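Working through the structure, step by step
Below are the chains, spelled out letter by letter.
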Amino acid sequence: MTSTAAAPPPPRAYRRLSVEERRAQLLVAALGLFAHRAPDEVSLDEVAVAAGVSRPLVYRYFPGGRQQLYEAALGSAADELKLCFTEPAVGPPTERVARVLDRYLRFVDEHDTGFSALLRGGSVVETSRTTSIVDGVRRAAAEEILSHLGRIGGADAGGRSAGPRLRMMVRSWIAAVEAASLIWLDEGKQPPAAELRGWLVDHLIALLAATAATDEETAAVVRDLLALETPGGPAGRLAELVIPVVADAAHLLAPAPAAD
């Protein structure tokens, strides 16, 4: 009598991960946990479970324990965050910045609790190294924004180097974007991300205009920027809204001197 029992499926081929693949696997698992909980609340046991490996294996790759794993995961997240600010120099500058902010706010949304803990510096695992990683993201973001304003590299690299006023303005805006992101998380991610992005672009344009009033370099940047903008873009929309408001301030202008 012939047996009708189904033959067992062939064993699945086991592929041993390379050192780089295994390390990347552990970092992905750690980032998933750090994204939604404060770093000091995540244990190595949880990372091991999330990665489907043993705790000793986690220690084999990160003998420094949670601190080393957190710094490595933070570095990986920092690289991802820097990419948010990378945008081809195509189209009006304010539209490029809008696309940058869309990616940035998506990152903030996906990493909410971890992002908040990281920037507020409240974690027990914060060190000078983690602070340096975060500061590196801020500086990289500022350089990318300056590049969209036509100030890339230094004079020795053949680029037009940003002066102190313009550089300070851009770094101040980056700090404001950070602060707004944290407040946005506190406020339950309200207003909607698209509205927040539009307001942050308007903020950058307003800072440029205010700085251009007393800084010739920034004034030149604004002239070049406006030449690339369109009526339907962020700069055109803001001009349409602001010009009537500014007109109401005409009485504040000094009267023209009387003709001889």
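Provided above is the structure to which this section pertains.
Since we're looking at a predicted model, the values are computed, not measured.

1. Let's talk about the overall build of the protein chain
Check the secondary structure of the protein chain and you find 11 helices and 0 strands. Beginning at the N terminus, the succession of helices and strands in the protein chain can be written as α-α-α-α-α-α-α-α-α-α-α. Every one of the 260 residues in the protein chain was classed for burial, and the buried ones make up 40%. For the protein chain, the share of sequence-separated contacts (at least 6 apart) that also reach a separation of at least 24 residues comes to 68%.

2. Examining the packing of helix α1 (residues 19–34) against helix α4 (residues 66–84)
Where α1 meets α4, the closest approach of the two axes is 9 Å, and the angle between their N-to-C directions is 85 degrees. Our classification of the angle between α1 and α4 gives roughly perpendicular. Seen from α1, the contacting residues are Arg23, Leu27, Ala30, Leu31 and Phe34; seen from α4, they are Leu69, Tyr70, Ala72, Ala73, Ser76 and Ala77. Looking at the contact of α1 with α4, its residues break down into 9 nonpolar, 1 polar and 1 charged.

3. As for empty space enclosed by the protein
Enumeration according to the criterion identifies 2 cavities of 30 Å³ or more in this entry. Contributing to the lining of the second largest cavity are Pro93, Thr94, Val97, His148, Leu149, Leu204, Ile205, Leu208 and Leu225. Elements with a contribution of two residues or more to the lining of the second largest cavity: α5 (93–110) and α9 (193–212). By residue class, the composition of the lining of the second largest cavity is 7 nonpolar, 2 polar and no charged.

4. Overview of the packing of aromatic side chains
Going through the model one piece at a time under the given rule, you end up with 2 aromatic pairs. Aromatic side chains Phe34 and Tyr70 sit 5.2 Å apart centroid to centroid with 80 degrees between the ring planes, which places their arrangement in the edge-to-face category. Here Tyr70 lies in helix α4 and Phe34 lies in helix α1, a separation of 36 residues in the sequence. For Phe34, a relative accessible area of 6% translates into the label buried. The exposure class of Tyr70 is buried, given its relative accessible area of 6%.

5. Considering the pattern of salt bridges
As enumerated under the stated definition, the model contains 12 salt bridges in all. One salt bridge connects Asp102 with Arg197, and the closest N-O pair in it is separated by 2.9 Å. One end of the pair, Asp102, is in helix α5; the other, Arg197, is in helix α9, and 95 residues separate them in sequence. Accessibility expressed as a relative area gives 27% for Asp102, which makes it partly exposed. Assessed through its relative accessible area of 23%, Arg197 is described here as partly exposed.

6. Quick word on α5
Here α5 is 18 residues long and its end C-alpha atoms lie 26 Å apart, about the 26 Å a rise of 1.5 Å per residue gives. Taken together, the buried positions of α5 are Pro93, Thr94, Arg96, Val97, Ala98, Val100, Leu101, Tyr104, Leu105, Phe107 and Val108.

7. A look at the side chain of Ser181
Along the chain, the position of Ser181 falls in helix α8 (residues 164–186). By relative accessible area, which is 0% here, Ser181 ends up buried. Within the structure, the side chain of Ser181 is placed 3.3 Å from the side chain of Tyr104, a separation counted as a polar contact. Separated by 2.8 Å, the side chain of Ser181 and the backbone oxygen of Val177 make a polar contact. Residues in contact with Ser181, not counting those within four places in the same chain, are Tyr104, Leu105, Val108 and Phe115.

Rules behind the numbers
Residues numbered from 1 in each chain as written. Predicted model: local features only at pLDDT ≥ 70, side-chain atom pairs only at ≥ 80, totals over all residues. Heavy atoms only, no water. Helix = DSSP H or I, 4+ residues; strand = E, 2+ residues; numbered from the N terminus. Buried < 20%, exposed > 50% of the residue type's maximum accessible area, 1.4 Å probe, protein only. Contact = heavy atoms within 4.5 Å. Axes fitted to C-alpha atoms, helices over the stretch in contact; angles between N-to-C directions. Parallel < 35°, antiparallel > 145°, perpendicular 65-115°, else oblique. Nonpolar A, V, L, I, M, F, W, Y, C, P; charged D, E, K, R; others polar. 1 Å grid on protein atoms, 1.4 Å probe; cavity = no way out; pocket = protein on both sides within 12 Å on 5 of 7 lines; lining within 4 Å. Points joined across faces, edges and corners; volume = space filled by probe spheres on them. Phe/Tyr/Trp six-rings, centres within 6.5 Å; stacked < 30°, edge-to-face > 60°. Salt bridge = Lys/Arg side-chain N within 4 Å of Asp/Glu carboxyl O. Expected span 1.5 Å × (residues − 1). Polar contact = N/O pair within 3.5 Å; in protein donor to acceptor, adjacent residues only side chain to side chain.

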